[in-house]
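Observations on chain architecture
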Amino acid sequence: MSDSWQGPGARDPQGVPTGSAWGQQAWQSEQVHQGYEGQYEGHHPAQQPHQDYPQQHAHAYPQQDYPQQHGYAYAYPHQDPHPSQQVHQAPPHADLADAADAADVAEPAALAESAEPVDPLAAVESTEAAGAPEAPAAPAAPAAPAATDSRRRTRRAARGKGGARSSRRRHRAGLVKVVAFCVVTAASSLLLLRGNELLDRLGSPTVPEKAAPTPAPEPPDPGRVLQVIAHPDDDLYFMNPDLRYSISAGHPVTSVYLTSGESDGINAGSAKAATTKPDKPAYAEARQNGIRAAYAKMATGDRGSPWTRTVVPTKGGGHAEVDVLVAKPQVNLVWLQLREAGTVYDNAPDSLHGLWDGKVPRLDSMLASGTPVTQKFSYTKDQVVQTLVGILEQYRPTTVRSQDPTPGRYPTTKRYTDHQDHFYGARFVQMATAAYAKDVTDRPHFAVQNYAGYINGSLPSALDPDEAKEKLDILGTYAWLDQQNHCNSPAGCGDLKVSDQPGGNRWSDSINYTRGTSTSWLTSDAEHGLWAFKVLDGQVAVWHRPGPVGRWKGPDLLPGTGMDPGVSTVTLADGRIAAFGTRTSFGAKPTDYTREVVYAVQKQPGAEEFTEWQSLGTPETADETWTSDISAPAVSVDGTGQLAAYVRDGASSLRGRVQRADGSWGPWEKYGGTDLHGSPATATDGAGRRMVFSATSKSVVGWVQPKPGAPLGQVTATGLPDTTLPLTADGREGGVRLWFRKPGSGNVRTALITGEGGLKVSQMTDLGGLQGFGSVTASGHVLAGRTAGGQLGSEAGPGRPWERSPLMFVGAPSSTMTGKDLVSLAVVGLDARLYVTSSADVPNAHLAPWQPVGPRNAPPFP
């Protein structure tokens, strides 16, 4: 076998993929060595004082998911390899891209039934395209296109090209639009009643005909998840249970660890810390062992399930360790092994923060003992970015998970609310995904999800007890609580620093998204068309279905890059749709990193053309002060047609801008409030008064206009109990109804807020649910949100049982009324593809089968 690069797609005799390493470099043989001692001490979660926020996670030990490699084993020089720690040298022809392709074959059970479900609203369009049946029965949906075409050809052959039958057929074709109109009218009240009963009736000819063979359903695309985290437990603390859900469903999952998490090198709990000799390479290895055990347990139930470990050259000029779980080769870990900062917020030039700011020209590696990587290396800022771009090229993810790049600071102390490695690592991910989206064209679309870090410990718990226990059990595996040497490593089989308190500072009780929580990204127009807006590839993607029965188009990417996850939409007084979001810019200098609120507007109602993105700026003037910590904008139009946008600023208060009658915008006004978290929510009541709401760590506060067109009134306590972060607001029942989650439960709660004479709360109700966490969308009688297991749960009417969909998705679901009597619901799956469904807004209605929109988002590897 040649040592030269063979290109993706090649396979060795055992079927293992072959080809190039990152950056199309040949795989290189590596000697195993013990690593070396670091030069500074670090802080560890279990040993840090609580100052505003516990200084935890100052250590980091990277975790990686990479495609399965070959079996050229060599042992550690100091021990015999344990079966769960097999160390492999990658042969010169191994290729990560093809391995990821091979791993992608696994089909997740969660989407096994989806294939290509029928869109009930496309029924009329398809009927019109196929021609009316001989004797139309009730308003009907067509058979599959292939079968319909076959029947039409059969009828033509039997009837000839002329004669009375042909004339009648032309006459029926002239009437088909009338029939279509009737179907559309009926759909608003009848469609989707009692599951698929109506779908079975629609389009059935009165005279049975032999159906043509139905094309084989398209196999579902599981989507590929790639996580990039700073330290080797950030994923377990801050991205779980999403991580466990993805692995359990069979999605290919790759976790990339930026630093080694070497901390002070002491792998011991508080009782033995003083008597334990520091050994940074060994501590980094122990954390790697703990991560491998935790992932193996999540994937197989056996923490000792074996891994293959290889070394590969990176596109940045260094080397990485790649671990592949033998029993589930779609589960990969990638260890970049850079130095960690060793402190939460204090100055540490030799860190990702120092490299980003230019305080050091290069950041050195910190190699774990036992790693197959033997050559020390260092990276410039650009080389870190290129290394991540190379990983993205190899794994071709459809969902990228990252930590929060702008967590902000505490207003009183000005200290960061998160570890500097966490958010500067996330900024490197931002730069890498931007470069990947720009420079790599032969790739699938991808969505990004950002996760909150340390701040979770001061917020209401988002997970129900069962989910929290599952999360804590995995952390217990990582913490090596039983201290049995199951990995056969003298360095240890886990992170004993966290063994005294594996849950951290209540982090095992919670999970929060910092972007992409808006539920207003799906909207309908005056013609009953649907519009969906989500961020893919750093641009706003638009999907559009013209009218109630048109064909879906998209995703089409609006011009303009740097868009952060999450889009909110609003319909202006003239019927045009406006889309709002935030945009990140890097600039020439590190301090030029900025975020701003931007918006684009339809050029005409119903038009597919939008204006260029226009900037509303930001209430935060310097990244150095608040790390550009603003929320996503909440937008609404009051009864006078006045448009306003609101954000939570870096001081945890409410700010807003209001559009004037001439189209210009007023300044960023201060509306007060303290301890605000997440993004605000806004809607207008029956009198056209705008209301704005925000969650705090204890309750919910609100603002209301005294009358349409007037400024917002003073911040008002609602008296509502504490709630998990995302709020959803919708104008109905004369007021504004709020939906939110009960902490420690996942149950959905609702309350009606009225504004006459000031904010008043009534009808506080617990609606139950299927546990879960995150945003809840509500339109008409339909409620939907993430359930335990990561799937979509929905309730189709008061008193109805909650139902679980097989779809796993990124961000928040969104819903809208389409006309007066139809609810449309949408999510973007982990494959970065739009999925839509509908339900009649009447009693006893059900959701229709989910319809994927557009082509599969998983082009095969070349």
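Residues numbered from 1 in each chain as written. Predicted model: local features only at pLDDT ≥ 70, side-chain atom pairs only at ≥ 80, totals over all residues. Heavy atoms only, no water.

1. A word on the state of the cysteines
Stated precisely, the cut-off is as follows: The term disulfide is used for any two cysteine sulfur atoms that are within 2.5 Å. For every residue, the accessible area obtained with a 1.4 Å probe (protein chains only) is divided by the maximum for its type, and the residue is called buried under 20%, exposed over 50%, and partly exposed between those limits.
Summed over the entire model, instances satisfying the criterion amount to one disulfide. There is a disulfide in this structure between cysteine 487 and cysteine 493, and the S-S distance comes to 2.1 Å. Measuring the twist about the S-S bond at about -95°, one finds the cysteine 487-cysteine 493 disulfide to be left-handed. For the pair formed by cysteine 487 and cysteine 493, the shared burial category is buried.

2. Description of the sheet that holds strand S30 (residues 735–741)
Applied cut-off: Paired strands, as defined in this entry, are two strands with at least two bridges between them according to DSSP. Each helix is a run of H or I in the DSSP string that is no shorter than four residues. Each strand is a run of E no shorter than two, and both are numbered from the N terminus. Note on geometry: axes are C-alpha line fits, over the in-contact stretch for helices, and angles between N-to-C directions span 0 to 180 degrees.
Overall, antiparallel pairing links the four strands, which are arranged S29-S30-S31-S32 in an open sheet. At either end of the open sheet lies a strand with only one pairing partner, and these are strand S29 (728–732) and strand S32 (760–768). Averaged over all adjacent pairs, the angle separating strand axes in this sheet is 20°, with direction ignored. Here S29 pairs with S30 via five bridges, running antiparallel. Among the inter-strand pairings, alanine 729 is bridged to a residue of S30, identified as leucine 738.

3. Focus on the packing of aromatic side chains
Cut-off, in case you're wondering: Classification of ring pairs rests on two measures: the distance between centres of Phe, Tyr or Trp rings, Trp counted by its six-membered ring, which must be within 6.5 Å, and the angle between planes, read as stacked under 30 degrees, edge-to-face over 60 and tilted in between.
All chains considered together, the criterion is met by 23 aromatic pairs. Seen from their ring centres, tryptophan 356 and tyrosine 593 are 6.2 Å apart, and the 75° between their planes marks the pair as edge-to-face. Remark: tyrosine 593 occurs in the loop between strand S18 (577–585) and strand S19 (594–601) and tryptophan 356 occurs in helix H9 (residues 352–357); sequence separation between them is 237 residues. This pair shows no difference in class: tryptophan 356 is buried, exactly as tyrosine 593 is.

4. What about helix H10 (residues 381–395)?
For the record, the criterion: To estimate the expected span of a helix, subtract one from its residue number and multiply by 1.5 Å.
Counted at 1.5 Å a residue, the expected span for H10 with its 15 residues is 21 Å, and the 22 Å between its end C-alpha atoms agrees. Residues Val384, Val385, Thr387, Leu388, Val389, Gly390, Ile391, Leu392, Gln394 and Tyr395 constitute the buried set of H10.

5. A look at the nonpolar core
Put simply, the test is: Here, nonpolar core means buried Ala, Val, Leu, Ile, Met, Phe, Trp, Tyr and Cys residues that are tied together by side-chain atoms lying within 4.5 Å of each other.
Judged by nonpolar contacts, the single largest core of 99 residues is most densely connected at Leu236, Tyr295, Leu388, Trp543 and Leu834. Per-element tally for this core: the top contributor is helix H11 (residues 420–439), with eight residues. Leu459, Met691, Leu725 and Leu738 belong to the second-largest nonpolar core, a separate cluster that totals 21 residues.

6. Thoughts on the sheet that holds strand S21 (residues 634–637)
One open sheet accounts for four strands, arranged S21-S22-S23-S24; its pairing is antiparallel. The open sheet has two free edges, formed respectively by S21 and strand S24 (669–672), since each of these has just one partner strand. With direction set aside, neighbouring strand axes in the sheet form an average angle of 25°. In this sheet, S24 lies alongside strand S23 (residues 654–658) in antiparallel orientation, the contact comprising three bridges. Considered in S24, the bridge of leucine 654 is made with glycine 672.

7. Remarks on the environment of glycine 547
Test applied: Only heavy atoms enter the contact rule, under which two residues are in contact if any of them lie within 4.5 Å.
Mapped onto the fold, glycine 547 is located in the loop between strand S15 (539–545) and strand S16 (553–557). The exposure class of glycine 547 is buried, given its relative accessible area of 18%. Considered as a pair, glycine 547 and threonine 818 are 271 residues apart in the sequence and their alpha carbons are 9.6 Å apart. The residues touching glycine 547, leaving out its near neighbours within four places in the chain, are Glu527, His528 and Gly529.

8. Looking at unusual backbone geometry
Proline 241 follows asparagine 240 through a cis peptide bond whose omega is 15°. Looking at the secondary structure, you find proline 241 in the loop between helix H6 (234–239) and helix H7 (242–248). The peptide bond linking glycine 554 to proline 555 adopts the cis configuration, its omega dihedral lying at 5°. Its location among the elements puts proline 555 in strand S16. Despite not being glycine, asparagine 488 has its phi angle at roughly 55°, a positive value. A relative accessible area of 30% means that asparagine 488 is categorised as partly exposed. Non-glycine residue glutamine 763 carries a positive phi angle of around 60°. Take glutamine 763: it is sitting in strand S32.

9. What about the confidence of the model for the chain?
Put simply, the rule reads: By definition, pLDDT measures how confident the predictor is in each residue, and it falls between 0 and 100.
Per-residue confidence for the chain gives a mean pLDDT of 81; residues scoring 70 or more make up 74%. For the stretch residues 1–85, pLDDT sits under 50, and the model shows 390 contacts to residues farther than four places along the chain or on other chains.

10. Focus on the packing of H10 against H11
In a pair of packed helices, the angle between the axes and the distance between the axes together describe the arrangement. What counts is decided by this rule: Orientation categories follow fixed angle ranges, with anything under 35 degrees roughly parallel, anything over 145 roughly antiparallel, 65 to 115 roughly perpendicular, and all other angles oblique. Should the near helix be turned anticlockwise from the far one by less than a right angle, the crossing is termed left-handed; should it be turned clockwise, right-handed. Classification used: nonpolar for Ala, Val, Leu, Ile, Met, Phe, Trp, Tyr, Cys and Pro, charged for Asp, Glu, Lys and Arg, polar for all others including Gly.
Relative orientation of the contacting elements H10 and H11 amounts to 60°, with a least axis distance of 8 Å. When the axes of H10 and H11 are compared, the pair comes out oblique. The handedness of the crossing between H10 and H11 is right-handed. Judged by residue contacts, Lys381, Val384, Val385, Leu388, Val389, Leu392 and Glu393 of H10 engage Phe428, Val429, Met431, Ala432, Thr433, Ala435 and Tyr436 from H11. Here the contact of H10 with H11 is built from residues that sort into 11 nonpolar, one polar and two charged.

11. Brief notes about the pairing of strand S14 (residues 530–536)
Most of S14 is tucked away: seven of the seven residues are buried. With three bridges joining them, strand S13 (residues 522–524) and S14 adopt antiparallel strand pairing. Each bridged residue has a counterpart across the sheet, and for leucine 522 the counterpart in S14 is alanine 532. The loop that links S13 with its antiparallel partner S14 comprises five residues; one of these, histidine 528, has a positive phi angle of about 70°. With seven bridges connecting them, S14 and S15 associate as antiparallel partners. By the bridge assignment, lysine 534 is partnered in S15 with alanine 541. Hairpin remark: S14 followed by S15, antiparallel, with two residues in the connecting loop; positive phi at aspartate 537, about 60°.

12. Observations regarding the side chain of asparagine 267
Put simply, the test is: In protein, a polar contact means a hydrogen-donor-capable atom and an acceptor-capable atom, both N or O and within 3.5 Å, with residues adjacent in sequence counting only if both atoms are side-chain atoms; elsewhere, any N or O pair within 3.5 Å suffices.
Locating asparagine 267 in the fold gives a position in the loop between strand S5 (253–259) and helix H8 (280–300). On the basis of relative accessibility, which here comes to 13%, the residue asparagine 267 falls in the buried class. A polar contact of 3.1 Å, which involves the side chain of asparagine 267, links it to the backbone oxygen of glycine 494. A polar contact is formed between the side chain of asparagine 267 and the backbone nitrogen of leucine 496, at a distance of 2.8 Å. Beyond its immediate sequence surroundings of up to four residues, asparagine 267 is in contact with Thr276, Tyr283, Ala286, Ala491, Gly494, Asp495, Leu496 and Lys497.

13. Section: the pattern of salt bridges
How we decide: What makes a salt bridge here is a side-chain nitrogen of Lys or Arg within 4 Å of a carboxyl oxygen of Asp or Glu, nothing more.
Counted under the stated rule, the structure contains 24 salt bridges. Here aspartate 323 and arginine 309 are joined by a salt bridge, their closest N and O atoms 3.8 Å apart. Here aspartate 323, found in strand S7 (residues 319–325), pairs with arginine 309, found in strand S6 (residues 307–313); they are 14 residues apart in sequence, far enough to count as distant. The buried category is assigned to arginine 309, whose relative accessible area is 0%. The structure contains a network of salt bridges with shared partners spanning Arg292, Arg309, Glu321 and Asp323.

14. A word on the environment of glycine 370
With respect to the element layout, glycine 370 can be found in the loop between strand S9 (363–364) and strand S10 (378–379). A relative accessible area of 0% means that glycine 370 is categorised as buried. Considering only alpha carbons, one finds glycine 370 and alanine 282, 88 residues apart in sequence, at a separation of 8.2 Å.

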